[in-house]
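# Structure assessment
Chain by chain, the residues run as shown.
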Amino acid sequence: MSALVKPLLVQEAYEDLLQRSLSRIPCDLGRLLYLASTRDYNTGNYHHDGLADRFSVKVARSALEIAHRQAFYKVAALSLEGLVRDLAAYLESSRENPEEFLRTWQRLEPYRIAIPMEVNPTVARLFASNVRLALAVLRLRQESTHSDR
Amino acid sequence: MGVWGALAGAIVLLLVLLAWVRADAPSKDSRSAWGASLQEPGESVEICPPEIVSQIFSADDLKFVAGFESPSLERLFRRERTAVGLHWVQETSAIISRIMRRHLEASRLSVDLEISTEARIFLQYARLKLNCGVLFVLIGLLGPQRLAGTALHGDRLTQRIGEVLREFQTAAQLREPDGAGSL
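No experiment lies behind these values; they were computed from the predicted model shown.

Residues and elements named next belong to chain A. Tracing the chain through its elements places glutamate 12 in helix H1 (residues 7-20). Assessed through its relative accessible area of 46%, glutamate 12 is described here as partly exposed. Taking C-alpha positions, glutamate 12 is 8.9 Å from phenylalanine 55, a pair spaced 43 residues apart along the chain.

Residue and element names in this part refer to chain A. What the rule picks out here adds up to nine aromatic pairs over all chains. The interplanar angle of 50° and the centroid separation of 5.8 Å between the aromatic rings of tyrosine 90 and tryptophan 105 together place this pair among those described as tilted. Separated by 15 residues along the polypeptide, tyrosine 90 in helix H5 (residues 80-94) and tryptophan 105 in helix H6 (residues 98-108) bring together distant segments of the chain. Of the two residues examined, tyrosine 90 and tryptophan 105, each falls in the buried class. Look at tryptophan 105 and tyrosine 111: their rings are 5.9 Å apart centre to centre, the planes differ by 35°, and that puts the pair in the tilted class. Look at tyrosine 111 and you get buried, because its relative accessible area is 0%. One aromatic cluster in this structure is built from Tyr90, Phe101, Trp105 and Tyr111.

Looking now at the nonpolar core. In this structure, A:Leu29, A:Trp105, A:Phe127 and B:Trp88 are the most contacted members of the largest nonpolar core, which totals 79 residues. Residue contributions to this core peak at twelve residues, all from helix H7 (residues 121-148) of chain A. If we ignore the near neighbours within four places in the chain, the residues touching B:Trp88 are A:Thr122, B:Cys48, B:Val53, B:Ile56, B:Phe57, B:Leu135, B:Ala151 and B:Asp155.

So, about the environment of B:Gly140. Residue and element names in this part refer to chain B. With respect to the element layout, glycine 140 can be found in helix H6 (residues 115-142). In this structure the C-alpha to C-alpha distance between glycine 140 and leucine 86, which are 54 residues apart in sequence, comes to 7.6 Å. Apart from the residues lying within four places of it in its own chain, the contact partners of glycine 140 are Thr82 and Leu86.

Turning to the interface of chain A and chain B, a few remarks are in order. Tallying the contact residues gives 29 residues for chain A and 28 residues for chain B. For the pair chain A and chain B, the summed buried surface comes to about 2500 Å²; carbon and sulfur atoms form 66% of the total. Together, A:Pro121, A:Thr122 and A:Arg125 form the three largest contributors to the area buried by chain A at its contact with chain B, with a combined 26%. Applying the counting rule to chain A against chain B returns one salt bridge. For A:Arg132, the salt bridge is made with B:Glu80, and the minimal N-O distance between the two is 2.8 Å. Counting the contacts that link chain A with chain B gives eight residue pairs in polar contact (both at pLDDT 80 or more). It is H7(A) that contributes the most residues to the side of chain A that touches chain B, 15 residues altogether. Along the lines of polarity and charge, the residues of the side of chain A that touches chain B split into 17 nonpolar, five polar and seven charged.

What counts, and at which threshold
Residues numbered from 1 in each chain as written. Chains lettered and ligands numbered in written order. Predicted model: local features only at pLDDT ≥ 70, side-chain atom pairs only at ≥ 80, totals over all residues. Heavy atoms only, no water. Helix = DSSP H or I, 4+ residues; strand = E, 2+ residues; numbered from the N terminus. Buried < 20%, exposed > 50% of the residue type's maximum accessible area, 1.4 Å probe, protein only. Phe/Tyr/Trp six-rings, centres within 6.5 Å; stacked < 30°, edge-to-face > 60°. Core = buried A, V, L, I, M, F, W, Y, C linked by side-chain atoms within 4.5 Å. Contact = heavy atoms within 4.5 Å. Buried area = accessible area lost by both parts, 1.4 Å probe. Salt bridge = Lys/Arg side-chain N within 4 Å of Asp/Glu carboxyl O. Polar contact = N/O pair within 3.5 Å; in protein donor to acceptor, adjacent residues only side chain to side chain. Nonpolar A, V, L, I, M, F, W, Y, C, P; charged D, E, K, R; others polar.

What follows is the structure, given as structure tokens:
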């Protein structure tokens, strides 16, 4: 974070982000993916139009970066059971076909994009590994539901 | 019995030494985007938080997976968690080496070295490295779930030695205002 960005303003922008945008998302994984989507793939810089208008581009960038890291650590620290629940809630909120969703996530591993830059490598590994396991659990549940019918 | 015991001891020692060497060598994956920050010289590395270490070595996730009674899911879980556990050991071992390297660099420039303090620090370092080597072998053999106590103890010691050496270096810098002892 730039030393020129005032911490109080960043704090204010962060709280604004929590209230206006993040509180509407029903699960931790959803919040994490939303925050990761505000990051430019080429530069790694974060951008959010509404937040930048209310504060400034730099303040918004810092607030988004902090929120992204916090959301990431929260998801990475979830137990496997907690993550399975969260992933199921995200799947439900996406309104996609569950079978297709799980297949695509297992093949493309889009959740890797949710990892912030310069995060501890072991935490990044645990996160990706746990999502892989949570997907396998949901797939197993889905298969057993199909076979019960 | 004596010959077999010696042979078994030699094999265990060899495994520990191999694990030690492997734990020090940067793995293929740690040079990728995951581990880039760890391998950059001079760059600060965020230490794995203790709650994440507990999570890696926790038996609760295994219990949850076992509830599905699916051998393939359990195999996947064991494989995944073992890989994460081994990665943590490698990372911790690399951090310990780096802390020690920085300490040695600072010690070389220090004018009032205390041999007994240096010996204590070196013994602590050797103990931590051995702990990493043993953990590496045991995680590979047993999986991380049975080793939570050892891992958390090693993690606490690593964090403690890091703090002590930081304090030691700060004190050395204060004693040498020209900055000769700085890292």
